[in-house]
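In case you want the letters, here they are:
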Amino acid sequence: MSDFKRVLLLGTGPTSIQLAVNLKKLLNCYVGISGRESVRSEKVFAALKQSDHLIRVGVQNEKHRHMEGECFVDQVFKGYGTIKGDWDTIIFSVTTDAYIEVLKQINDELLKQVKCIVLISPTFGSNSLISNYMNYLNPDVEIISFSTYYGDTRWIHDKPPNNVLTTAVKKKIYIGSTYYPSKNVDRLCKVYEKLGITLEIMKSPIEAETRNISLYVHPPLFMNDFSLSAIFGELDTKKYVYKIYPEGPITQYLIRDMLAQWKEIMNVIGKMNIQSINLLKFMTDDNYPVRLESLSRHDIENFNHLETIHQEYLLYIRYTSLLIDPFSEPDKEGNYFDFSAVPFRKMFVNREGYLDIPRMPKEDYYRIKIIQGIAKYLNVNCPTIDKFIKAYESKIEKVAQSHKGELLSNAFVVQSFDADLKMICSEIGKSIGAKR
C-alpha cells in the first residue's frame, strides 16, 4: 500500500497552494501546511485563518483546467517547530538551500514516523543531502526527487495569498526514488497523468535531479558581467534575460560558456555512472520546441557527437529561434509573440526591509556551488563553473561594500555550503562504492 494518506507540505509559497489542491482533488488525502515565520508568510497565515483554511487555484490557460480548484487545508502550522501529529508523507516546497535548516526545526520523533519524503524542486545532490540527515533518524524512509516543479504558479495581484494562479504547466518531468521500483512513484505517475503531465521514472533520484534545465542555462545567463550589471542596477535601460546582445546577454562567448559548463557537468555525472544528457535535445524536446526549419531533427539527435564549434552554432540558433514564440499566431503586421522579453529582476528591498537579490541568481548560487563541491570531491576540473562563481561572488562583495551601513540580506555573503557538501559527498561516495 502506498503512502499519501496524511501529507504535510513544507513551505507557504504558491507551489504549496497548488500542490495542496491537487492532493486533495486527486488523492483525497489529509493535508497540512507549515512554513517559517516571516513578514511574507504572516500574510499567508492570516489569509488562511480568515478563510477557515480555504485555498483557491486559478489557471491562465483553459487547457490547464485540471490544475484549478479549491479546497480546505486540514491543518496549518505557523513555524516548523509547532508541527504536531502523525504524517506519513512530507513534501518539501522550500528553496533547496533551506532543506536542512527546515528539518532541524521539526521534532525528531515526528520525522521517525514519516514513510516518504518528496522533493518537489530539488537540485543536484538534494536527495543525498536529505538521505544523509535521515540516516540517523529514519534510515528506511523513502526519499523521492522530481527534476523540477511541474508548473509556473504565482500570487494573484490584489488578491489575498490563499489565491494563486498557474500560468504554465510542463508536459514532461523526471522522477527518481531511493526505492526502485516504488509504489509511491507509481501512484504519483497516475496523479500526474491526470494532470496531463508525463513522468519519466529514472533509476536513481540523483539522475532525476540532473534533468533540470536551470542547472545548464541559468549560470551562463545570469553569472556574467552584463547580466550582473542589469541585476544590480548599473544599467540605465531595461535588459532581457533571453535576448541577443545588446538587448540581452546572449553572445557567442556566453554560448561557448554554456556549452563548456554542460560538458563539465557531464564529466561529473559520468564519474557517478549516470547517463549523460543531450543538451540540445533536452532543450527542444523537454522544454521549448523550435521549428524544424530552424533546427533539423538530425542535428538535435546527433548533438553530442558533433564538433564543439558545430555544437556552439546549434545552441546559438536555438536561442535566436526563440526570440519570438515560433508557434504563436502573427498579428496583422506579421509580428510574433515577443517570447524572449523576460526582463532581469533587479535587487530589491524585501518585506523584512533588507536589500536582497532576486531568486535568479540567488538560488542558482547554491546550485552551482554544490556542483562545484561535488566536482572537487570527484577530482573533476570545472574552470567554467569556477569562472561563473568568481564573477558572482566578486559582484556581491562589491555591491555589499558599496551599501555598507545598510540592511543587507545574507544573500550578499560569500558562502561555502561546506556542511551540506560534506553530507552530499558522503552519500555519493557510498553510492559509487556500491556500484563498484
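Further up the page is the structure itself.
Computed from a predicted model, the values in this text were never measured in an experiment. (Residues numbered from 1 in each chain as written. Predicted model: local features only at pLDDT ≥ 70, side-chain atom pairs only at ≥ 80, totals over all residues. Heavy atoms only, no water.)

Here we look at the sheet that holds strand S4 (residues 69-72)
Paired through backbone hydrogen bonds, the strands of a sheet run either parallel or antiparallel to each other.
Piece 1. Strand order across the open sheet formed by 4 strands is S4-S3-S10-S9, with mixed pairing between neighbours. Each of the sheet's edge strands pairs with one partner strand only, and the pair in question is S4 and strand S9 (151-155). Strand after strand, the sheet turns through a mean of 25° between neighbouring axes, direction not considered.
Piece 2. With 5 bridges connecting them, S9 and strand S10 (residues 163-169) associate as antiparallel partners. By the bridge assignment, Trp155 is partnered in S10 with Val164.
Piece 3. Sitting on the sheet, helix H1 (residues 14-27) is in contact with strand S3 (54-59), S4, S9 and S10, with an inclination near 95° to S3. (Pairing = 2+ DSSP bridges. Helix = DSSP H or I, 4+ residues; strand = E, 2+ residues; numbered from the N terminus. Axes fitted to C-alpha atoms, helices over the stretch in contact; angles between N-to-C directions. Contact = heavy atoms within 4.5 Å.)

A few points about the packing of aromatic side chains
Piece 1. If you walk through the whole model with that rule in mind, you get 17 aromatic pairs.
Piece 2. Centroid distance Tyr365 to Tyr392: 4.9 Å. Interplanar angle 40°. Geometry classified as tilted. Taken as a pair, Tyr365 in helix H14 (residues 359-377) and Tyr392 in helix H15 (residues 383-402) lie far apart in primary sequence, 27 residues in all.
Piece 3. We classify Tyr365 as buried; its relative accessible area is 3%. (Phe/Tyr/Trp six-rings, centres within 6.5 Å; stacked < 30°, edge-to-face > 60°. Buried < 20%, exposed > 50% of the residue type's maximum accessible area, 1.4 Å probe, protein only.)

Side note on the sheet that holds strand S6 (residues 89-92)
Piece 1. Taking strand neighbours across the sheet as the criterion, the 8 strands line up as S5-S2-S1-S6-S7-S8-S11-S12 in an open arrangement whose pairing is mixed. Only two strands of the sheet have a single neighbouring strand rather than two, namely strand S5 (75-78) and strand S12 (198-201). Taken pair by pair, the neighbouring strands of this sheet meet at an average axis angle of 20°, ignoring direction.
Piece 2. Bridge count for S6 against strand S7 (residues 116-119) is 4 bridges, and the pairing is parallel. Within S7, the residue paired with Ile90 across the bridge is Ile117.
Piece 3. Relative to the sheet, helix H6 (residues 183-194) contacts S7, strand S8 (142-146), strand S11 (172-177) and S12, its axis offset from that of S8 by approximately 35°.

Here we look at the pairing of strand S1 (residues 6-10)
Piece 1. Counting buried positions along S1 yields 4 of 5 residues, so the element is predominantly enclosed.
Piece 2. In this structure, S1 lies alongside strand S2 (residues 30-35), joined through 5 bridges in parallel fashion. Counted as the bridge partner of Leu10 is Ser34 from S2.
Piece 3. With H1 bridging S1 and the parallel S2, this β-α-β connection has right-handed handedness.
Piece 4. Two strands pair when backbone bridges link them, and S1 and S6 are joined in this way by 4 bridges, in the parallel orientation. Of the residues in S6, the one forming a bridge with Val7 is Thr89. (Right-handed = clockwise from strand over helix to strand, strands pointing away.)

Things to note about H1
Piece 1. Relative to the 20 Å expected for 14 residues at 1.5 Å per residue, H1 spans 20 Å between its end C-alpha atoms, a close match to the ideal helical length.
Piece 2. Burial in H1 covers these residues: Pro14, Thr15, Ser16, Ile17, Gln18, Leu19, Ala20, Val21, Asn22, Leu23, Lys24 and Leu27.
Piece 3. Where H1 ends, the next residue or the one after it, Asn28, has phi of about 50°, a positive value. (Expected span 1.5 Å × (residues − 1).)

Some details on the nonpolar core
Piece 1. Phe92, Phe124, Tyr216, Met272 and Ile374 are the most contacted members of the largest nonpolar core, which has 102 residues in total.
Piece 2. Not counting chain neighbours up to four residues away, the residues in contact with Phe92 comprise Leu10, Tyr99, Val102, Leu103, Ile117, Val118, Leu119, Ile120 and Ile130. (Core = buried A, V, L, I, M, F, W, Y, C linked by side-chain atoms within 4.5 Å.)

Digging into the environment of Met223
Piece 1. Looking at the secondary structure, you find Met223 in the loop between helix H8 (214-222) and helix H9 (225-231).
Piece 2. The spacing of Met223 and Pro122 is 101 residues in sequence and 20 Å in space, taken between C-alpha atoms.
Piece 3. With near-sequence residues (within four places) excluded, Met223 lies in contact with His218, Leu228, Pro361, Asp364, Tyr365, Ile368, Phe388, Ala391 and Tyr392.

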